[in-house]
Amino acid sequence: MRTDSFALRHIGPKESDIQEMLATVGVDSLDQLIYETIPDEIRLKSPLNLPSALSENEFAEHIGKLAAKNKVFKTYIGLGYHQAILPAVIQRNILENPGWYTAYTPYQAEIAQGRLEALLNFQTMVSDLTGMELANASLLDESTSAAEAMALLFAIREKDQKKNEVVKYFISEEVLPQTISLLQTRATPLGIELVIGDHTTFDFSEEYFGAMLQYPGKSGEVFNYGEFVANCKKAQIKTVVAADILSLVKLQAPGELGVDVVVGTTQRFGIPLGYGGPHAAYFATREEYKRSIPGRIIGVTKDTNGNRALRMALQTREQHIKRDKATSNICTAQVLLAVMAGMYAVYHGPKGLEYIANTVHNSAVTLSHQLESLGYQQLNKTYFDTISIKADAAKIQQLADSKEINFYYPDAETVVIALNETTTVADLNAIISIFAEVSKKEVSVISELRCDTTITTDLSRKTDFLTNEVFNSYHSETELMRYIKKLERKDLSLNHSMIALGSCTMKLNAASEMLPLSNPKWGNIHPFVPVEQAEGYQIVLKRLEDQLTEITGFAGTSLQPNSGAQGEYAGLMVIRAYHESRGDSHRNICLIPSSAHGTNPASAVMAGMKVVVTKATKEGNIDLDDLREKTLKHKDNLAALMVTYPSTHGVFESSIKEITKLIHDNGGQVYMDGANMNAQVGLTNPGNIGADVCHLNLHKTFAIPHGGGGPGVGPICVAKQLLPFLPGNPVIKTGGEQAITAISSAPWGSSLVCLISYGYITMLGSKGLQQSTEYAILNANYIKFRLKEHYQTLYSGERGRAAHEMIIDCRPFKTNGIEVVDIAKRLMDYGFHAPTVSFPVAGTLMIEPTESESKAELDRFCDALISIRKEISDSSTEDENNILKNAPHTMAMLTSDTWEFPYTREQAAFPLEYVADNKFWPTVRRVDDAYGDRNLICTCDPIEEYMEA
């Protein structure tokens, strides 16, 4: 065995197992299987043009040399990003721990109680600090969160406002520039008119439905918004405040002012800068808006025994259910980062956060005092951590650059300095020396911080926060380490067993891909530093763009979208801009097959398009006759077709080129959803089938971990005619010549985790990437044939093959009183996470094994499903006290003195021999979804308050 081959470590099936697997599938070779799976006319005629694969050791040396090209200056730019200290106990036990980063979104609550508790802590932290009643479990970044707030306020306008078509939204000029840019992107297709101005001269006209403020402002000034918010209420104008979360330790909570939504980022709670992300944004609002809040909410409920349990609450709000009626297309959150930020608050507690906030503020006060003593004017009267100095910016910048220090220079006469948790007295003296040298005055060295404050009584925080026990219990490393481990043991992740989720591609996140994330030369780069300071990042990001462009067969790539749903939206906005550039702004019809991902119609509506749904045939393919009829009917206004390929049903449709030609012949563009790229890489590609743009899920096909529901990255790859419209950024130039405004906060989105996909592609090379696709297809078809005597596969290709995923039909088991959810819960007893439940067809399981799983693991999974099939046969509608309805079975049940079930304890907990060797115990019984929605509790309240509900 070649020990230096990354492909051999990444791909699961052993060479000795492959022939047996091929025989089971009924083919002589892997080439034959691929020939029978993918239509020959769309196959690539030559290998991908990529450099030879590097070994893991070679990649480690390579990525280390690139890291050394980054210049890590002391950076005080601010603008929503601040260097923070990641406690080592959180870095080692969460960020670097596959028990946390390989977990899936907690749809199966019984085996995700640890992650759910960590997210409940996050929500509690946000609610406490913002003074709001309800917070969600994170969003993508601050700017995206602000855009979601604007959309929410637009959707919940008063009746008379909707009747009178009130569409104006005020934005303070103190709002961060990247947020304003993203708001411009989101506002236009929704018909919202943005007005940017001075909040002190706002006229509170009835023409406005909402207003947004920054707290503190972008240059550091802290404004008292109490009167502004009160006047807005009188005029039926709802308000959004974007708040720095650390400042809320010292400043009055926005909720106390009566605002409607508070948004922001938790990056400075221990999360690396990472050249822009990923970072967990927060979104907090009033309970009356709970049905409209975007993203996920973690709530408290009870299990079958009445014990406290956690789950994702109010799931009917989600876009995959509401589709084009959804208020948002949010899919991926930033769960891993939210968990880390929440643990930062748990570790430090309220007293620790007060110490950190006081130190940062005192540093700013000290610096301001010293610079004023040198004769400089400090413009901010009230501030938390950021001061604004009147000075010759060019002279300061020249000297600061020579001393490897970054400030923010908004104009030729202003220098803005944003201090942070890492700032020391020595750092302050270095800053003072620069200004002293420029002013030609003798420097006064400081030895300690001043303890006075500029925060006036009316702006000071007077309420307690983080009073819950969890924030006051784990302040030593030993205690926090054990708490994290306790939660980890409650979650089933990829480090325990295969997670065969269709469409979600839960593949190996290789350690060699993950290691660079811990390197401070990657972690401590601010997204708005001059690009020459980020040479290593620029090389990696450009090479990754080129790799993805080659893989997709397109002309260019933007890495800015930081989720798959955001990639969908970005692709459609680029198509929209293309049509407008040609004078075709009337083209607004988007055709979407009925089998499409739920985010597709939601994204189309957000992009200002009208959704027209096309039918599917009984075989699960696009109904060509219906598509042709609707294309011709709408040809004058056709903007795009959104298509998933291979289809959501796990089939390569042979008519795809005919479909794309039909759209092009009638003036439209083809958007291909890249969710199923794991079945294409190296064998075919979107450009080859005639698409014009696709998004890629780097957290699926290209090995970024799911992290319990995020981070995700959703770059878009485009054909030549769409290149000019790739998204830009208002601070750092990026994108096309006619770039659309921002899609996410940072110029290159979640740059830090792009290192993972770069490593994945670089270590696999052209051959390894193609092999990965081939073995993903082999593994799926192996499962299909192993299960064929026990379960019906709903859809197959023309030659009876599945792509990289398959759907098994569980609806016939209703005659035995068994629903698909019962199978999902019973799989937990066998040590497996359920495949995707009831998507895209209700009452089914969608299975995708990925190429990373071995034959032995595939066999264990198949054995489990076959055993469950026998259990189904033994069940009946007359008796619900059966092994499936009672699943999952907890340790508490098995060790109880009483056992009132018509099957043995061994059958319940150890149904197959392999289970005993590696038993996973669900920590709660089946959760009560309805109870949790009726009694919505979304913070970690004391158990007494929960029981009273």
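Residues numbered from 1 in each chain as written. Predicted model: local features only at pLDDT ≥ 70, side-chain atom pairs only at ≥ 80, totals over all residues. Heavy atoms only, no water.

J.: Quick question: what am I supposed to make of the overall build of the protein here?
T.: Along the protein, the regular secondary structure elements total 33 helices and 26 strands. In terms of overall dimensions, the protein has a C-alpha envelope of 85 × 70 × 65 Å along the principal axes. A total of 949 residues make up the protein; the buried ones form 66% of that total. Of the contacts formed within the protein by residues at least 6 apart in sequence, a portion of 77% connects residues at least 24 apart. Entry remark: accessible area of the protein is about 33000 Å², with carbon and sulfur atoms responsible for 47%. Looking at charge distribution, the protein has the averaged site of its 88 positive side-chain charges lying 2 Å from that of its 113 negative ones. (Helix = DSSP H or I, 4+ residues; strand = E, 2+ residues; numbered from the N terminus. Buried < 20%, exposed > 50% of the residue type's maximum accessible area, 1.4 Å probe, protein only. Contact = heavy atoms within 4.5 Å. Areas by Shrake-Rupley, 256 points an atom, 1.4 Å probe, with all protein chains shown as cover. Lys, Arg positive; Asp, Glu negative; His and termini not counted. Charge placed at Lys NZ, Arg CZ, Asp CG, Glu CD.)

J.: Explanation requested: the sheet that holds strand β14 (residues 408-411) in the structure shown.
T.: Within a sheet, neighbouring strands are paired by backbone hydrogen bonds and run either parallel or antiparallel to one another. If you walk across this open sheet you meet the four strands as β11-β12-β15-β14, and the pairing is antiparallel. Either end of the sheet is taken by a strand with one partner, and the two such strands are β11 (377-378) and β14. As defined by bridge partners, β14 adjoins strand β15 (residues 414-418) across two bridges and the pair is classed as antiparallel. Among the inter-strand pairings, Y408 is bridged to a residue of β15, identified as V416. (Pairing = 2+ DSSP bridges.)

J.: Looking at this model, I keep getting lost on the packing of aromatic side chains. Mind explaining?
T.: One pair of aromatic rings is described through two measures. These are the centre distance and the angle between the planes. Tallied over the full model, the rule gives 32 aromatic pairs. Look at Y81 and F528: their rings are 5.7 Å apart centre to centre, the planes differ by 90°, and that puts the pair in the edge-to-face class. A residue pair is termed long-range when its members are at least 10 positions apart, and Y81 in the loop between β1 (74-75) and α5 (88-95) and F528 in the loop between α19 (520-523) and α20 (535-552) qualify at 447 residues. A residue is classified by how much of its surface remains accessible, and F528, at 6% relative accessible area, is buried. Aromatic side chains Y275 and Y537 sit 4.7 Å apart centroid to centroid with 25° between the ring planes, which places their arrangement in the stacked category. Of the two residues, Y275 sits in the loop between β7 (261-265) and β8 (281-285) while Y537 sits in helix α20, which places them 262 residues apart along the sequence. Per residue, the accessibility class of Y275 equals that of Y537, and both read buried. (Phe/Tyr/Trp six-rings, centres within 6.5 Å; stacked < 30°, edge-to-face > 60°.)

J.: What am I meant to see in the pairing of strand β21 (residues 693-696) here?
T.: Regular strands have side chains that alternate between both faces of the sheet. Side chains of β21 alternate between two faces, with V693 and H695 and C694 and L696 buried alike. By the bridge criterion, four bridges tie strand β20 (residues 669-674) to β21 in an arrangement that is parallel. From the neighbouring strand, D673 faces β21, where its bridge partner is H695. Judged from the three bridges that link them, β21 and strand β22 (residues 716-718) form a sheet pairing that is antiparallel. Residue pairing across strands places C694 opposite C717, the latter belonging to β22.

J.: When you look at the sheet that holds strand β23 (residues 792-793) in this model, what are you seeing that I'm missing?
T.: Taken together, four strands build an open sheet; the order of strands is β23-β24-β26-β25 and the sheet is antiparallel. Each end of this open sheet is capped by a strand with a single partner; those strands are β23 and β25 (836-837). For strand β24 (residues 806-809) and strand β26 (residues 844-847), the ladder comprises four bridges, and the chain directions are antiparallel. Bridge pairing in β26 links I807 to M846. Helix α26 (residues 751-787) rests against β23, β24 and β26 of the sheet, and its axis sits at about 20° to β24. (Axes fitted to C-alpha atoms, helices over the stretch in contact; angles between N-to-C directions.)

J.: When you look at helix α2 (residues 15-25) in this model, what are you seeing that I'm missing?
T.: Because an α-helix packs 3.6 residues into every turn, residues spaced three or four apart end up facing the same way. For α2, the set of buried residues is D17, I18, M21, L22 and V25. Looking straight down α2, one finds its buried side chains confined to an arc of 140°; they lie on one side. Facing away from the buried side of α2, by more than 90 degrees, are the exposed residues S16, Q19 and A23. G26 sits one or two positions beyond α2 and adopts a positive phi of about 95°. (Arc of directions from axis to C-beta.)

J.: For this particular structure, what's the right way to read the pairing of β8?
T.: With five of its five residues buried, β8 lies for the most part within the structure. In terms of strand pairing, strand β2 (residues 134-135) meets β8 through two bridges, oriented antiparallel. Within β8, the residue paired with L134 across the bridge is T285.

J.: Help me understand the packing of α5 against helix α14 (residues 335-373), please; the structure alone is not making it clear to me.
T.: Helix packing geometry: the angle between the two helix axes and the distance between the axes. Running from N to C, α5 and α14 cross one another at 145°; their axes reach a closest spacing of 10 Å. Between α5 and α14 the crossing geometry is right-handed. Judged by residue contacts, V89, I90, I94 and L95 of α5 engage L336, V339, M340, M343, Y344 and Y347 from α14. Tallied by class, residues from the contact of α5 with α14 come to 10 nonpolar, no polar and no charged. (Left-handed = near helix turned anticlockwise from the far one by under 90°. Nonpolar A, V, L, I, M, F, W, Y, C, P; charged D, E, K, R; others polar.)

J.: What is the right way to look at unusual backbone geometry in this model?
T.: A negative phi angle characterises most non-glycine residues, just as the trans form characterises most peptide bonds. With omega at -10°, the peptide bond leading from Y215 into P216 counts as cis. Inspection of the secondary structure assignment puts P216 in the loop between β5 (208-215) and α11 (226-234). With an omega dihedral of 10°, the bond running from G277 to P278 counts as a cis peptide bond. Within the element layout of this structure, P278 appears in the loop between β7 and β8. Positive phi is not limited to glycine here, since S503 has a value of about 75°.

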